[in-house]
Amino acid sequence: MSRYEALAPAAPWRTLIAEPRDWQAADPALLGAMLTQLHWIRAFEETVLDLAAVGLVHGPAHSSIGQEGGAVGSVLALGAGDQVNGSHRGHHQFLAKALQHVAPAGLDPAAPLTPEVDTVLQRTLAEIMGLSQGYCKGRGGSMHLRWLEAGALGTNAIVGGGVPLAAGAAWAHRHAGTGRVAVTYFGDGAINIGSVLESMNLAAAWKLPLCFFVENNRYAVSTTVEEATAEPRLSARGLAFNIPAWHVDGMDPLAVHLAMSEAVAHMRAGNGPTLIEVDVYRYFHQNGPFPGSAFGYRPKDEETAWRARDPLDMLAARMIERGLIDAPRVDALRRQCKRVMEEIAQRLTEPLADGKRRIRPELWPSPDFRDVGLRSDMSEFDGMRVLEAADHTGQTVPRKLVDAVADVLGRRMETDPGVVVLGEDVHRLKGGTNGATRGLKDRFPDRVLGTPISENAFAGLGGGLAMDGRYKPVVEFMYPDFMWVAADQIFNQIGKARHMFGGDIDVPLVLRTKVAMGTGYGSQHSMDPAGIVATSPGWRIVAPSTAHDYIGLMNTALLSKDPVLVIEHVDLYASVDEIPAGDLDFHIPFGRAAVRRSGGKVTILTYLAMVARTLAAVGASGVDAEVIDLRTLDRASLDWDTIGASVKKTNNVLIVEQGARGTSYGAMLADEIQRRLFDWLDQPVKRVTGGEASPSISKVLERAAFAGEEEVMAGLRDVLADLGEADAGTGAQGASRG
């Protein structure tokens, strides 16, 4: 007969209930500050819904009415240096932190309005309305609210998307030894998202001071918690990761405050993350000014029952019981908050002849602001020392490219304590799977972080580190195909952050990855990511083909205030190049291509491992081709001076890349060339690419899937054929044509 032994979680899991004695012991100033914040937020949200109802809020208006108690109770347990981020329904969290920032001693219900409070309310409302005086200059709107000075790291429209970024903030606080903590707010809809659970595991493994704050309002749009999960007690999630968890009535701001105070003490003591689940209720639908019952998914009696437990009324009643305030003063507070919000809305709008109102035209952002701040202004590169291989006159030493990767990373970590390297196995196997981080863990044990297999979490953590401003993360993905696993963090978060939050925040992150075509790793480990990332806003891309170029371009990438994708290739790791002896501090600028071979018949544009293959094909064919190594691939960093001068000389273009046609980088590049240089072209831009399918495991099928020297020669014949000239050289057919 089998015997069973009961198992118990290692972390505590408790419901916290505020008792009458807690209310008696509570600081009157704290209760007054809570009440005042609650009323400001309620009046603010009601104004947002009023404006949305008459079409003066463009886009969604995710009201937090009914949920204010969780935000206010938790934020007032934080210190000035602590940081928060939140979800698409984040007005209340943002306002609670912003009001705490401008009134660190707390707000008095008898005198709730100060000039600083007025400014916070107006700038926040302006942002939600898409106006230039908003915190993100009108780009963020309702779902992207950020004010770093106040500790508000940014709310987020992707469900669960901000959680890994908060982990980055928490790592920064822990590494810096500040004692500060981070709080990431999200809802019941996000609790089962992979990035959230990955971040819980990572935060627990690394003991990060991060509170996972779950606002359980019972509905993800219209889907109930019970429909979405077999364990609707959402605070139970913490137990799987050894994270202590609290369950609290979120309609009771004091209970929330007590739980958060305990959680903060736990985190400040270096004990790692915490989880708090608060039961709250949004009085309105997912978006807009109507209740959920109007859409048929919530019963009216349920709404009535929750409204009877309104946190504003409950807190006021407790304060009245203690003689801290009376009903007329609560009513006066309510009226004043409503009146001020009406005045603020009046400032942002003007009347029309038909009695309606419109937004004041002068408050809109200028259309010229559309692309401003998409990338840095590159002032960070002023004064950097540039050294091309051809210009170096001193002693050189031979070095494999893979060793140059470790060399330059080690040098930058030596000179810049903010550089942090993280990724799977970067701390083991003598420098990861290819040796590119060899020796770094021994030299910098606290800044080389071997991560769990959780690309969403550690990429997002890197993004949070970058936005913190104190660190420059170098994130390694073993293979570029893993970008799809972390696509939200790579494309929605890191790439868009600077522009989305107003254009003036830096995101100095380097993402290293390698193309592995020809290694037999098949469809899910072989892609070239250049075409995908080049068509995604915000990223810079470098693709070095020599060890010298790698050092110079990596130094520039680590100087950049933008996220930079550094593409490597397994075929180049063992290649040997001459590098300056004793010099790992030079740069190669973004936007400077290298002419590897001069010629007058056709311009060939290529990069990475295809540079050497193209030079070999040109040599074998005898075609008078000019071969340009692009080196930097993003739209903003293409060297149009070099490309243009070559095209005006040759009047023909062949773009050569190795990877699949569907994700081709050359499609974007060909379009740009034909827009810019159409008058100098004797024929359409030609392209050499791989096939439509991703490479297969079979050696024969894999070789058929990507482009090599033979395909380049076929591409050259194609160019000459359209010029009415004889075929060049010999070689296999099969170039893809653009």
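Residues numbered from 1 in each chain as written. Predicted model: local features only at pLDDT ≥ 70, side-chain atom pairs only at ≥ 80, totals over all residues. Heavy atoms only, no water.

Focus: the overall build of the chain
Then, number 1: Scanning the chain for helices and strands turns up 25 helices and 24 strands.
Then, number 2: Reported as C-alpha extents along the three principal axes, the dimensions of the chain are approximately 95 × 80 × 55 Å.
Then, number 3: Considering the chain as a whole, with its 738 residues, one finds that 59% of them fall into the buried category.
Then, number 4: Sequence-distant contacts in the chain: of pairs separated by 6 or more residues, those separated by 24 or more amount to 77%.
Then, number 5: Carbon and sulfur atoms make up 52% of the accessible area of the chain, which totals about 27800 Å².
Then, number 6: Here the chain holds 73 positive side-chain charges and 89 negative ones, and the gap between their average locations is 1 Å. (Helix = DSSP H or I, 4+ residues; strand = E, 2+ residues; numbered from the N terminus. Buried < 20%, exposed > 50% of the residue type's maximum accessible area, 1.4 Å probe, protein only. Contact = heavy atoms within 4.5 Å. Areas by Shrake-Rupley, 256 points an atom, 1.4 Å probe, with all protein chains shown as cover. Lys, Arg positive; Asp, Glu negative; His and termini not counted. Charge placed at Lys NZ, Arg CZ, Asp CG, Glu CD.)

A few points about the UniProt feature "domain: Transketolase-like pyrimidine-binding" (unreviewed entry) in the chain
Then, number 1: Mapped onto this numbering, the UniProt entry annotates "domain: Transketolase-like pyrimidine-binding" (unreviewed entry) at residues 399–575.
Then, number 2: Taken end to end, residues 399–575 has its terminal C-alpha atoms 8 Å apart, with 38% of it in helix and 17% in strand. (UniProt positions renumbered as here; feature names shortened; annotations may be inferred.)

Quick word on the sheet that holds strand β13 (residues 419–423)
Then, number 1: Overall, parallel pairing links the six strands, which are arranged β14-β13-β15-β16-β18-β17 in an open sheet. Since the sheet does not close on itself, it has two edges, and those belong to β14 (448–450) and β17 (540–542), each with one partner. With strand direction ignored, the average angle separating the axes of adjacent strands in the sheet is 20°.
Then, number 2: In terms of strand pairing, β13 meets strand β15 (residues 472–476) through five bridges, oriented parallel. For Gly423, the partnering residue across the bridge sits in β15 and is Glu476.
Then, number 3: Helix-sheet contacts for helix α13 (residues 401–415) involve β13, β14, β15, β16 (510–515) and β18 (564–569), and the interaxial angle to β13 is about 135°. (Pairing = 2+ DSSP bridges. Axes fitted to C-alpha atoms, helices over the stretch in contact; angles between N-to-C directions.)

Description of the domain arrangement of the chain
Then, number 1: Along its sequence, the chain is carved into domain 1 (13–367), domain 2 (396–580) and domain 3 (594–723).
Then, number 2: Just the C-alpha atoms count here: the centres of domain 1 and domain 3 sit 53 Å apart. (Domains from an automatic or database assignment.)

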